[in-house]
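# Understanding the architecture of this molecule
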Amino acid sequence: MGETIKKAPRRQYGALPYRFRADGSLEILLVTTRRTGRWIVPKGWKIKGKKPAKSAAQEAFEEAGVRGSVSEKPIGSFVYDKWLDGDGIAAACEVRIFPLLVDRQENTWREIGEREARWTTPDMALQLIEDAGLKDVIRSFAEKLTDKLGRRGNRQPDRLQEGHIPG
């Protein structure tokens, strides 16, 4: 198999797109990777001239056609081996995740023919995702958000408070 480069991890930025159904239940949007078809969240390299959160939101638009309100504060991160250009070498890559409260999803987007995008419950997302670190980020986010909604009488918020990060 390939060799892994051991050095300071490279950094990517990802979005955790989420929304609430009419009944107030939480849904999370996952996408498949282009190379292997594994389920992940939209992510990519920092876009020149954009802050990390805005880079993550742009990736979510390109990979899944979603737009909304992104928090400037990451909710967590995970590390994975990023295969570099099919040369059999992998480099450690840290992905910082920013929550994105989705307002809308377009009918078409840049990578629609290259990936599958699927809205799912947090429990189903945890079953579909293989990466343990990403599972931890999603599990923690969903639990905090559910707890916060429970304290509000289980009503769906228009927006959670500043940055819409569960506290």
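The structure we're discussing is the one just above.
Below is a short write-up of the structure.

### Remarks on the packing of aromatic side chains
Applying the stated criterion across every chain yields a total of 4 aromatic pairs. For the pair Y18 and F20, a centre-to-centre distance of 6.0 Å together with 90° between the ring planes defines the contact as edge-to-face. You'll find Y18 and F20 in the same group, each marked buried. For the ring pair Y18 and F141, a centre distance of 5.0 Å and an interplane angle of 65° mean the geometry is edge-to-face. Taken together, the residues span a long stretch of sequence, with Y18 in strand β1 (residues 3-20) and F141 in helix α3 (residues 132-151) at a distance of 123 residues. One exposure class covers both Y18 and F141, and it is buried. Among the aromatic side chains, those forming a connected cluster through ring pairs are Y18, F20 and F141.

### Examining the side chain of K43
With respect to the element layout, K43 can be found in strand β4 (residues 43-44). No salt bridge is formed by the buried K43. Its closest oppositely charged neighbour is E63, at 6.7 Å. A distance of 3.4 Å separates the side chain of K43 from the side chain of Q12, its partner in a polar contact. Here K43 is in contact with Q12, Y13, G14, E59, E63, Y80 and V95, once residues within four sequence places are set aside.

Cut-off values and rules
Residues numbered from 1 in each chain as written. Predicted model: local features only at pLDDT ≥ 70, side-chain atom pairs only at ≥ 80, totals over all residues. Heavy atoms only, no water. Phe/Tyr/Trp six-rings, centres within 6.5 Å; stacked < 30°, edge-to-face > 60°. Buried < 20%, exposed > 50% of the residue type's maximum accessible area, 1.4 Å probe, protein only. Helix = DSSP H or I, 4+ residues; strand = E, 2+ residues; numbered from the N terminus. Lys, Arg positive; Asp, Glu negative; His and termini not counted. Salt bridge = Lys/Arg side-chain N within 4 Å of Asp/Glu carboxyl O. Polar contact = N/O pair within 3.5 Å; in protein donor to acceptor, adjacent residues only side chain to side chain. Contact = heavy atoms within 4.5 Å.

Honestly, that's just the spatial picture; any functional story needs more than this.
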